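Descriptive analysis of the structure
The residues making up each chain are set out below.
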Amino acid sequence: MTLLVEETEAAPVVDQVAPNDLARWHIRAAALAVDVLPGIGVVATMALVWLAAPPRSMWWWVSVSVLVGATLLTTANRVVLPPNIGWSLGRALVGIAVVRLDGATVGVGRMMLRELAHLLDTISVFVGWLWPLWDPRRRTFADLLLGTEVRLVEQDRRPADIRRSAAITVSVAVSLCVGGSAVSVMAIFLPDRASDRTRVALAAQGPKIVTEMLTYDPKSLGADFERARSLTSDKYRPELVKQQESVQKGHPVVNEYWVTDSTVLSATPDQATMLLFMQGHRGGGGEERFISATVRVSFVKAKDGRWLVDDLNVVTKPKSAKGRK
């Protein structure tokens with residue numbers, strides 16, 4: 001009896017972890033999915049919103065803020081939480097922990113380097129991620145470089161409410177992805193489609209509206225002026241009326257314009273600005289004078305769907321066309 005006890009006490013200590021204590025590949029994969037997929041989903045969705053949103057707009061700033069926040073939280077979960085509380089969310093859920101080969105806790109610096117070293121696992125055509133399938137200690141390339149391994153932990157050491165925490169995290173991530181997609185459609189894509197329709201509509205209607213507003217004949221001056229006023233918004237109409245009164249006080253002559261070229265400078269669903277290059281003539285008979293001018297015109301959409309002139313600024317004042325007198 002005494003001899004057996006002495007032999008047992010003299011037996012060498014085995015400083016190796018039993019294979020059953022090392023985390024299997026599919027368990028590690030599940031932990032990684034819980035840790036990073038919610039963050040990746042949010043970052044990818046918000047990156048698309050950021051690219052589609054007008055620069056420095058409200059949704060541009062919101063998408064950037066959420067993107068940065070998701071990146072920081074995902075990094076903190078993988079790098080900062082394990083050294084401080086022993087777990088990341090995914091690892092706590094499946095019951096594993098990253099430790100050094102002697103079982104000691106891994107510090108923040110080593111955890112950060114380990115996450116960066118996972119790039120080797122990826123650029124090796126994912127061979128590094130599959131390496132635990134045949135490595136005796138089930139390590140990735142990152143584990144080999146940093147001297148770490150992933151072990152199973154007792155179930156009673158896992159946080160009691162970890163499933164609830166994981167469900168909340170995934171739900172929040174899904175909500176942010178759905179919300180980002182809704183913003184992309186409702187606040188960006190549909191308004192852009194409406195703005196494109198505005199461009200098409202004004203490319204066709206804008207030149208006609210402006211020429212009708214500026215063209216008149218003394219023989220039909222009242223009707224021409226009335227038609228011109230109907231093509232303007234309440235904001236610009238008083239200014240046009242002043243110009244018409246000035247013409248009526250003088251000696252009205254034929255004033256006719258046509259557009260030689262035009263471009264839509266900016267457009268929203270209800271507003272737009274155009275630059276128009278115009279030519280025309282004034283007077284008749286021996287007093288006829290050919291002119292050219294460039295104007296910038298702002299349009300607004302009326303309640304009945306018509307486009308009205310909201311402002312008109314002369315960029316190049318009317319002048320005699322070259323070769324004409």
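Every value quoted in this text rests on a predicted model; they were computed, and no experiment measured them. (Residues numbered from 1 in each chain as written. Predicted model: local features only at pLDDT ≥ 70, side-chain atom pairs only at ≥ 80, totals over all residues. Heavy atoms only, no water.)

What about the packing of aromatic side chains?
Definition in use: Here the aromatic set is Phe, Tyr and Trp, taking the six-membered ring for Trp, and pairing holds for ring centres within 6.5 Å; pairs whose planes are under 30 degrees apart are stacked, those over 60 apart are edge-to-face, and all others are tilted. For helices the rule is a DSSP run of H or I covering at least 4 residues; for strands it is a run of E covering at least 2, with both sets numbered from the N terminus onward.
This structure, assessed with the given rule, holds five aromatic pairs. Between Trp131 and Phe141 the ring centres are 5.2 Å apart and the planes differ by 55 degrees, which places this aromatic pair in the tilted class. Of the two residues, Trp131 is situated in the loop between helix H6 (127–130) and helix H7 (141–146) and Phe141 in helix H7; the sequence distance between them amounts to 10 residues. Among the aromatic side chains, those forming a connected cluster through ring pairs are Trp50, Trp60 and Trp61.

Some thoughts on the nonpolar core
Worth spelling out the cut-off: In these notes, a set of buried Ala, Val, Leu, Ile, Met, Phe, Trp, Tyr and Cys residues joined through side-chain atoms within 4.5 Å is what counts as a nonpolar core. Relative accessibility under 20% of the residue-type maximum defines a buried residue, over 50% an exposed one, and the middle range a partly exposed one, all with a 1.4 Å probe and only protein chains included. Throughout, a residue-residue contact means that at least one pair of heavy atoms, one from each residue, lies within 4.5 Å.
Core analysis: the largest hydrophobic core is formed by 23 residues, its most contacted members being Met213, Val297 and Phe299. Contributions of two or more residues to this core are made by helix H8 (162–214), strand E3 (255–267), strand E4 (271–282), strand E5 (289–301) and strand E6 (307–320). With five residues, the single largest contributor to this core is H8. When neighbours within four sequence positions are excluded, Phe299 is seen to be in contact with Leu202, Gly206, Ile209, Val210, Asp270, Gln271, Ala272, Met274, Trp307, Leu308, Val309 and Asp310. Judged by nonpolar contacts, the second largest core, of nine residues, contains Ile27, Val79, Val98 and Met111.

Looking at the side chain of Thr273
Tracing the chain through its elements places Thr273 in strand E4. If sequence neighbours within four positions are ignored, Thr273 has contacts with Thr263, Val264, Leu265, Ser266, Arg296, Val297 and Ser298.

So, a nonpolar patch on the surface
The line we're drawing: Patch construction takes residues with relative accessible area above 30% that form no salt bridge. Like charges are linked within 9 Å, and nonpolar side chains (Val, Leu, Ile, Met, Phe, Trp, Tyr) are linked within 5 Å. Reported accessibility uses the Shrake-Rupley method at a 1.4 Å probe radius. Residues are deemed covered only where the shown protein chains occlude them. Each salt bridge in this description consists of a side-chain nitrogen of Lys or Arg and a carboxyl oxygen of Asp or Glu lying within 4 Å of one another.
Taken together, Trp25, Val125, Phe126, Val127, Leu130, Leu133 and Trp134 make up a surface patch of nonpolar side chains, about 700 Å² in accessible area. One can find Leu133 in the loop between H6 and H7.

As for unusual backbone geometry
For Val125, which is not a glycine, the phi torsion comes out positive at approximately 55 degrees. Take Val125: it is sitting in the loop between helix H5 (108–123) and H6. In this structure, Arg138 is a non-glycine residue whose phi angle is positive, near 55 degrees. On the secondary structure map, Arg138 appears in the loop between H6 and H7.

Regarding the pattern of salt bridges
A full pass over the atoms with the stated rule returns 15 salt bridges. Its salt-bridge partner being Arg139, residue Asp135 comes within 3.2 Å of it at the nearest N-O pair. Assigned by exposure class, Asp135 and Arg139 land together as buried. A salt bridge links Glu149 to Arg151, with the nearest nitrogen and oxygen atoms 2.8 Å apart. With relative accessibility at 0%, the residue Glu149 sits in the buried group. Residue classification places Arg151 among the buried positions, given a relative accessible area of 18%.

So, the pairing of E3
How we decide: Strand pairing follows a simple DSSP-based rule, namely that at least 2 bridges must link the two strands.
Of the pairings in the sheet, the one linking E3 to E4 comprises 11 bridges and is antiparallel in character. Counted as the bridge partner of Asp261 is Phe277 from E4. Following E3, the chain reverses through three residues before pairing antiparallel with E4.

Side note on the packing of helix H2 (residues 25–52) against H8
To keep things clear, this is the line we draw: Orientation is described by axes fitted as lines to C-alpha atoms, over the contacting stretch for helices, and by angles from 0 to 180 degrees between their N-to-C directions. Orientation categories follow fixed angle ranges, with anything under 35 degrees roughly parallel, anything over 145 roughly antiparallel, 65 to 115 roughly perpendicular, and all other angles oblique. In this scheme the crossing of two helices becomes right-handed for a clockwise turn of the near helix relative to the far one and left-handed for an anticlockwise turn of less than a right angle. Polar here means any residue other than Ala, Val, Leu, Ile, Met, Phe, Trp, Tyr, Cys and Pro, which are nonpolar, and Asp, Glu, Lys and Arg, which are charged; Gly is therefore polar.
Running from amino to carboxyl end, H2 crosses H8 at an angle of 15 degrees, the nearest separation of the two axes being 9 Å. Classified by the angle between their axes, H2 and H8 sit roughly parallel to one another. At the point where H2 passes H8, the crossing takes the left-handed sense. Across from Pro38, Gly41, Val42, Thr45, Met46, Val49 and Ala52 in H2, the residues of H8 making contact are Val170, Ala173, Leu176, Cys177, Gly180, Ser181, Val183, Ser184 and Ile188. When the residues that make up the contact of H2 with H8 are grouped by side-chain class, the tally is 11 nonpolar, five polar and no charged.

Remarks on helix H9 (residues 221–230)
As a reminder, the rule being used: It is the directions from the helix axis to the C-beta atoms that the arc portrays.
Within H9 the residues assigned to the buried category are Leu221, Asp224, Phe225 and Ala228. End-on view of H9: buried residues confined to an arc of 95 degrees, all on one side of the axis. Considering only its buried residues, H9 is in contact with H8 and helix H10 (237–249).

A look at the confidence of the model for the protein chain
Keep this limit in mind: How sure the predictor is of each residue is captured by pLDDT, a score from 0 to 100.
When the pLDDT values of the protein chain are averaged, the result is 89; 90% of them are 70 or greater. For the stretch residues 1–15, pLDDT sits under 50, and the model shows zero contacts to residues farther than four places along the chain or on other chains.

Structural notes on the packing of H2 against helix H3 (residues 58–85)
Following both chains from N to C, one finds H2 and H3 inclined at 165 degrees, their axes separated by 8 Å at the closest point. One element, H2, and the other, H3, form an angle in the roughly antiparallel class. For the pair H2 and H3, the crossing hand works out as left-handed. Across from Leu32, Asp35, Val36, Gly39, Val42, Val43, Met46, Ala47, Val49 and Trp50 in H2, the residues of H3 making contact are Trp59, Trp60, Ser63, Val64, Val66, Leu67, Ala70, Thr71, Thr74, Asn77 and Arg78. Here the residues of the contact of H2 with H3 sort into 14 nonpolar, five polar and two charged.

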